[in-house]
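Chain by chain, the residues:
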Amino acid sequence: MKLGIFTVLYADLDPFELIDKVQEWAIDAIEIGVANYSKTSHLSALATERRLEQFLDVLGRSGVSISALSCQGNPLHPNATIADSHHQGWRLTLEWAQRLGIKTVNVFSGCPGTPAGGNYPNWVTTAWPTEYQELLDWQWEHRVIPYWTTEAEIASTFGVTQIAFEMHPGFVVYNPYTLLKLRSRVGHVIGANLDPSHLFWQGIDLCAAIRVLCEEGALYHVHAKDVALDSRNVAVNGVIDSRPYQSLKDRAWNFCTVGYGHSALVWSQIIHELRKGGYDGVLSIEHEDALASRTEGLQHAMSFLRPLMWSEPKPEMWWS
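Quick summary incoming for the structure in this document. (Residues numbered from 1 in each chain as written. Predicted model: local features only at pLDDT ≥ 70, side-chain atom pairs only at ≥ 80, totals over all residues. Heavy atoms only, no water.)

The next thing to look at is the overall build of the protein chain. Along its length, the protein chain carries ten helices and ten strands. For the protein chain, whose C-alpha radius of gyration is 20 Å, the value lies close to the compact-globule estimate of 20 Å for 320 residues. Across the 320 residues in the protein chain, those meeting the buried criterion constitute 51%. Intrachain contacts of the protein chain at a sequence separation of at least 6 include 79% that bridge at least 24 residues. (Helix = DSSP H or I, 4+ residues; strand = E, 2+ residues; numbered from the N terminus. Rg over C-alpha atoms; globule rule 2.2 N^0.38 Å. Buried < 20%, exposed > 50% of the residue type's maximum accessible area, 1.4 Å probe, protein only. Contact = heavy atoms within 4.5 Å.)

We now examine the sheet that holds strand β5 (residues 162–166). Spatially, the eight strands close up into a barrel ordered β1-β2-β3-β4-β5-β6-β7-β10, and their pairing is parallel. With strand direction ignored, the average angle separating the axes of adjacent strands in the sheet is 30°. The pairing of strand β4 (residues 104–107) with β5 spans four bridges and is classified as parallel. Each residue of the ladder has a partner; that of T104, found in β5, is Q162. Here helix α3 (residues 80–100) sits on the sheet in contact with β3 (65–70), β4 and β5, set at roughly 160° to β3. (Pairing = 2+ DSSP bridges. Axes fitted to C-alpha atoms, helices over the stretch in contact; angles between N-to-C directions.)

The full count for this structure, using the stated rule, is 14 salt bridges. Residues E286 and K225 are paired through a salt bridge, measuring 3.9 Å at the closest nitrogen-oxygen approach. On the criterion of sequence distance, the pair formed by E286 in the loop between β10 (282–285) and α10 (294–305) and K225 in the loop between β7 (219–224) and β8 (226–229) is long-range, its members being 61 residues apart. Its relative accessible area of 2% is what places K225 among the buried residues. Among the charged side chains, a salt-bridge network with shared partners connects R211, E273 and K276. (Salt bridge = Lys/Arg side-chain N within 4 Å of Asp/Glu carboxyl O.)

On to unusual backbone geometry. Here the bond from W128 into P129 is cis, since omega is 0°, no more than 30 degrees from zero. When you line up the elements, P129 lands in the loop between β4 and α4 (130–157). Despite not being glycine, A26 shows a phi value in the positive range, around 60°. Following the sequence through the fold, A26 ends up in the loop between α1 (15–24) and β2 (29–33). Located in the positive-phi region is N36, a residue other than glycine, with phi close to 60°.

Moving on, we come to the environment of A152. Looking at the element boundaries, A152 is found in helix α4. Not counting the four nearest positions on each side in its chain, A152 is found in contact with I163, V186 and V189.

The next point concerns the packing of aromatic side chains. All chains considered together, the criterion is met by 13 aromatic pairs. Pairing W123 with Y174 gives two aromatic rings, centres 5.3 Å apart and planes at 85°, and the pair type is edge-to-face. Taken as a pair, W123 in the loop between β4 and α4 and Y174 in the loop between β5 and α5 (176–186) lie far apart in primary sequence, 51 residues in all. The class for W123 is partly exposed, based on a relative accessible area of 28%. If you follow K181 out to its NZ or CZ, it ends over the ring of W140, 4.1 Å from the centre. The ring of F255 has K225 lying over it, and the distance from NZ or CZ to the ring centre is 3.7 Å. (Phe/Tyr/Trp six-rings, centres within 6.5 Å; stacked < 30°, edge-to-face > 60°. Lys NZ or Arg CZ within 6 Å of the ring centre and 35° of its normal.)

Here we come to the environment of N79. Mapped onto the secondary structure, N79 falls in the loop between β3 and α3. For the pair N79 and Y177, spaced 98 residues apart in sequence, the C-alpha separation works out to 27 Å. Apart from the residues within four sequence positions on either side, N79 is in contact with G118 and N119.

Here it is, written out as structure tokens:
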């Protein structure tokens, strides 16, 4: 298993400076943000073939790999301008995946509005009153399934074989059930970019979720990101919290540096479950802790995770 970082953390760096920093920290892989909510300038700075060849040469000599490209957005947004922009960002990412030979692209599923249109997504979280179920059925049958069926076919023409959905509340795919629902309708190109932080606060057992996803062969990429739940605030208002991220003291949960939300025991169990399920890819650190600088957060996450990971080949076991 390898340790990586999601490059939105250093979006201001030149791509060659980024590789220097990654080498300095002995990072194994980078997940490059390309468009939409994950936009960086790293690839746009490599627009010419000469610059791209230089970058790939430097990358190859560094020993650093690219774990995935990312373009998390909402191509199903009811506002046509936003939907088109995010759709074009997705297609741009496919083009870069082809140029770089990358098979995995990380995305959000998106969230539509209603049949009547409007300017805002409508995330359905309850089955009653019955009009919510009717809306959810419309969203899946008329927007979600048609869009991703078409885009999965197009992705294959760019050599992308894994569309990895980050299960994120606010979008139609937000837990293993909805991820596997989409996979069952669209095909095995659909899988998960597992981000524990979004599942922790929903009350999901990460090891149980990993086991289900691995049994289905649906785990394609993993983020290393944590969340801290405030037990007092949860006791009063529950875990669904729409207050701004700046309201740290009042929220039920907040993103935090890996290890500050859940213990080494929990993270070691997650890593163990990943390995048992056959995942031997990258843990891509995503830093969104409002209380730690990007360097502090990244360095702590690295020092926290490294002792929990095995990087050497497995020895011959006594039963071999």
